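Here is how the chains run, residue by residue.
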Amino acid sequence: PRQRRRCAEVCNDLLVAEAASLFTQRQYGPAAPAALEAVGFRVGRQLAERYSRDKARLGDTLEVIKFVCKDFWQAVFRKQVDNLKTNHRGIFVLQDHSFRWLLRLAPTAPLADGARAEAQARAAQPYLHLPCGIIRGALTHLGVNCTVEADARALPSCSFTIKITA
Amino acid sequence: MPPRPLPQLEQINAEIFTLTYGSIVRQLIADFEDLDEVNKQLDQMGYNIGVRLVDEFLAKSKMGRCSSFREAAEVVGRQAFPMFLNVAANVTNWNTDGTECSLILADNPLADFVELPEEYKGELRYSGLLCGVIRGALEMVNMDVDARFVQDMLRGDEVYEIRLRLKEHRAEAFPFKDDD
């Protein structure tokens, strides 16, 4: 089989950063969050298709979420999710203590000061729509309909809240 | 120029980059509905990336400034392309005064898994991002260039050919005046 092609990580880092500023600045079309989410959604669907190809069919929602936390996260974000919580009523919170796609924006340690953390989370917001879309796209491809929201108040840690929408 | 070992950058599966780019292009087509405008946006996005990528390149490759456009074109094709995309570009078809040349790629990671619908083949410069990157990066080392695809495998050509034309090689501008 053909060897999987590789490229420098910085290419993708700069591309997603430029995409965030392009869609934030352009004057017409859908609002930036929707456009970036749509960009990510297609990518997530396509990647999930590739990365789940050799897998036996995944079963229930929890099994799909675990696949995303481990295999999918490893392939896309280069490590596994550090912590998975659920209320057992359709909400899952995935926490990544050092979210790779935001490392260029992140301070080396979380900010203790609440106001600065809020400001930082706001600054990170445009960069989160695309990854949220990727995660939702992957889950949707694997049969889990949901919404995904990110919280970056403790960068470089980032958490993603998945709400199952049936 | 003797070949030197390329510095190893952190690597990822290129499909993430390729699919993300493809999805951005699709979104721009849906939003703008005008392929000319899409081409401009891709070029501008590439320019902004090139301006930042050149720092990464100079820091990692530990190269000095190129003294000529000839040398710079070789560095782009032989070192920068392999370092970032793991493909090399041949530099050929020089004009007599050394201000124009072609970068030839037999393989273009941006175009993996891509098939252009017939209606886009005429106007859409799908991989135009690369031209913007080159233009932005060379501008940072004082070379103003035009870069455009003149052959494109997505449009049925045999290879990818980016034509580079040097418009101006500016003298190094010093940030201070030596007037007293």
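Residues numbered from 1 in each chain as written. Chains lettered and ligands numbered in written order. Predicted model: local features only at pLDDT ≥ 70, side-chain atom pairs only at ≥ 80, totals over all residues. Heavy atoms only, no water.

Naming follows an unreviewed UniProt entry, where chain B appears as Trafficking protein particle complex subunit of Raphidocelis subcapitata. Among the UniProt annotations of chain B, the heading Subunit (unreviewed entry) holds the following wording: "Homodimer." Check the Function (unreviewed entry) section of the UniProt entry for chain B; it says "May play a role in vesicular transport from endoplasmic reticulum to Golgi." (UniProt positions renumbered as here; feature names shortened; annotations may be inferred.)

Caption draft 1: Examining the overall build of chain A more closely. What chain A contains, in helices and strands, is five helices and five strands. The secondary structure elements of chain A, listed N-terminal to C-terminal, are β-α-α-α-β-β-α-α-β-β. Taking 15 Å as the expected radius of gyration for a compact globule of 166 residues, we find that chain A reaches 16 Å, a close match to that expectation. Referenced to the eigenvectors of the C-alpha coordinate spread, the extents of chain A come out at roughly 45 × 40 × 30 Å. Within chain A, residue pairs in contact and separated by at least 24 positions form 60% of the contacts whose partners lie at least 6 positions apart. When the accessible surface of chain A is split by element, carbon and sulfur atoms take 49% of a total near 8,300 Å². (Helix = DSSP H or I, 4+ residues; strand = E, 2+ residues; numbered from the N terminus. Rg over C-alpha atoms; globule rule 2.2 N^0.38 Å. Contact = heavy atoms within 4.5 Å. Areas by Shrake-Rupley, 256 points an atom, 1.4 Å probe, with all protein chains shown as cover.)

Caption draft 2: Summary view of unusual backbone geometry. The omega angle of the peptide bond from Leu155(A) to Pro156(A) is 10°, so this bond is cis rather than trans. Structurally, the position occupied by Pro156(A) is in the loop between β4 (146-151) and β5 (158-164). In this model, Arg78(A) sits at a positive phi of 70°, which is unusual for a non-glycine residue. Looking at where Arg78(A) falls in the secondary structure, it is placed in the loop between α3 (61-77) and β2 (83-86). Arg78(A) sits in the partly exposed class, given a relative accessible area of 29%. The phi torsion at Glu33(B) lies on the positive side, around 55°, for a residue other than glycine. Relative to the elements of secondary structure, Glu33(B) occurs in the loop between α1 (14-32) and α2 (35-61). (Buried < 20%, exposed > 50% of the residue type's maximum accessible area, 1.4 Å probe, protein only.)

Caption draft 3: Geometry of the interface of chain A and chain B. With 37 residues of chain A at the contact, the number on the chain B side is 38 residues. Summing the contributions of chain A and of chain B, the shared interface buries around 3,600 Å²; its carbon and sulfur component is 61%. Summed over the three residues of chain A that lose the most area to chain B, namely Arg5(A), Arg6(A) and Leu15(A), the buried surface amounts to 21% of that side. Counting the contacts that link chain A with chain B gives seven salt bridges. Asp31(B) is the partner of Arg26(A) in a salt bridge, and the nearest nitrogen-oxygen pair spans 2.7 Å. (Buried area = accessible area lost by both parts, 1.4 Å probe. Salt bridge = Lys/Arg side-chain N within 4 Å of Asp/Glu carboxyl O.)

Caption draft 4: Representation of the sheet that holds strand β5 (residues 160-169) of chain B in the model. All names here are of chain B. If you trace the four strands from one edge of the open sheet to the other, you get β2-β3-β5-β4, paired in antiparallel fashion. A strand with exactly one partner marks an edge of an open sheet, and here the two such strands are β2 (90-92) and β4 (143-151). Across this sheet, the average inter-strand angle for adjacent strands is 25°, counted without regard to direction. Examined bridge by bridge, strand β3 (residues 100-105) and β5 share six bridges and lie antiparallel to one another. The residue of β5 that forms the bridge with Cys101 is Leu164. (Pairing = 2+ DSSP bridges. Axes fitted to C-alpha atoms, helices over the stretch in contact; angles between N-to-C directions.)

Caption draft 5: Layout of the packing of helix α2 (residues 32-51) of chain A against α1(B). Packing of α2(A) against α1(B) brings their axes to within 9 Å, and their N-to-C directions diverge by 140°. One finds that α2(A) runs oblique with respect to α1(B). Between α2(A) and α1(B) lies a crossing of right-handed hand. Residues Ala35(A), Ala38(A), Val39(A), Arg42(A), Val43(A), Gln46(A), Leu47(A), Arg50(A) and Tyr51(A) of α2(A) lie in contact with α1(B), whose contacting residues are Glu15(B), Ile16(B), Leu19(B), Thr20(B), Ser23(B), Ile24(B), Arg26(B), Gln27(B) and Asp31(B). Of the residues contributing to the contact of α2(A) with α1(B), the split by class is nine nonpolar, four polar and five charged. (Parallel < 35°, antiparallel > 145°, perpendicular 65-115°, else oblique. Left-handed = near helix turned anticlockwise from the far one by under 90°. Nonpolar A, V, L, I, M, F, W, Y, C, P; charged D, E, K, R; others polar.)

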